[in-house]
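# Descriptive structure summary
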Amino acid sequence: MEIAIYQSYLPQTDPDAALAFYRDTLGFEVRNDVGYNGLRWLTVGPPGQPDIGIVLYPPAADPGITEEEGRVITEMMAKGTFASINLGAKDLDGVFEKLQASGAEVVQEPTDQPYGVRDCAFRDPSGNMIRIKQAG
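We now turn to the structure provided with this report. (Residues numbered from 1 in each chain as written. Predicted model: local features only at pLDDT ≥ 70, side-chain atom pairs only at ≥ 80, totals over all residues. Heavy atoms only, no water.)

In this section: unusual backbone geometry. The backbone of N37 sits at a positive phi, close to 50°, despite the residue not being glycine. Mapped onto the fold, N37 is located in the loop between β2 (29–36) and β3 (39–45). (Helix = DSSP H or I, 4+ residues; strand = E, 2+ residues; numbered from the N terminus.)

Here it is, written out as structure tokens:
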């Protein structure tokens, strides 16, 4: 059996800021931009990898979430503790410099971790933790 990652989901509270970060700063392609009932879902992905996407969704869109749960999710997003994704880059230092120059919130500069990975970390405009490791 062969299974591949197709999409991952990250919440976003400002679709225009999310586009600026994922498209303009990280260089991802916009695969889809759908509006419904005043909300927007964006799908972005790395160039050359058309089968992999990140869906940036409005967290308030789930009708099963109570008002209290929505408040907790919003608070966790603001702290950077609700959602995260790990990416890889061949030029980690170059990506770090570009993200830092864009004004993205730096959580960790490129660091050699004791478990064998060199990575850095940022928060996207919605507070999601974005870790980027040095790819081979």
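Once that is clear, we can look at the sheet that holds strand β1 (residues 7–11). Overall, mixed pairing links the four strands, which are arranged β1-β4-β3-β2 in an open sheet. For this open sheet the edge positions go to β1 and β2, each flanked by a neighbour on one side alone. The sheet shows a mean angle of 20° between the axes of neighbouring strands, taken without regard to direction. Note: β3 against strand β4 (residues 53–57), three bridges, orientation antiparallel. Opposite T43, over in β4, you have V55 as the bridge partner. Sitting on the sheet, helix α1 (residues 15–25) is in contact with β1, β2, β3 and β4, with an inclination near 5° to β3. (Pairing = 2+ DSSP bridges. Axes fitted to C-alpha atoms, helices over the stretch in contact; angles between N-to-C directions. Contact = heavy atoms within 4.5 Å.)

Mapped onto the elements of the fold, M77 is located in helix α2 (residues 67–79). C-alpha separation for the pair M77 and I54, spaced 23 residues apart in sequence, amounts to 17 Å. Beyond its immediate sequence surroundings of up to four residues, M77 is in contact with P11, Q12, T13, P59, F82, R123, S126 and G127.

Right, let's get into the packing of aromatic side chains. Applying the stated criterion across every chain, the model contains four aromatic pairs. Each ring, one from F21 and one from Y22, has its centre 4.9 Å from the other, and the planes form 80°; the classification is edge-to-face. Take F21 and Y22: they sit in the same class, and that class is buried. Each ring, one from Y22 and one from F28, has its centre 6.4 Å from the other, and the planes form 35°; the classification is tilted. The two residues Y22 and F28 agree in class, both being buried. (Phe/Tyr/Trp six-rings, centres within 6.5 Å; stacked < 30°, edge-to-face > 60°. Buried < 20%, exposed > 50% of the residue type's maximum accessible area, 1.4 Å probe, protein only.)

Moving on, we come to the pattern of salt bridges. Taken as a whole, this structure holds ten salt bridges when the rule is applied. In this structure, D24 engages R23 in a salt bridge whose closest nitrogen and oxygen atoms are separated by 2.6 Å. With relative accessibility at 44%, the residue D24 sits in the partly exposed group. A salt bridge links R131 to D119, with the shortest nitrogen-to-oxygen separation between them at 3.0 Å. Taken together, the residues R131 in strand β8 (residues 129–134) and D119 in strand β7 (residues 118–123) connect sequence positions twelve residues apart. We classify D119 as buried; its relative accessible area is 5%. One continuous salt-bridge network, built from bridges that share partners, spans D16, D33 and R40. (Salt bridge = Lys/Arg side-chain N within 4 Å of Asp/Glu carboxyl O.)

Below, the discussion takes up the environment of G127. Tracing the backbone shows G127 in the loop between β7 and β8. Along the chain, G127 and A78 lie 49 residues apart, while their C-alpha atoms are 5.2 Å from each other. Apart from the residues lying within four places of it in its own chain, the contact partners of G127 are M77 and G80.

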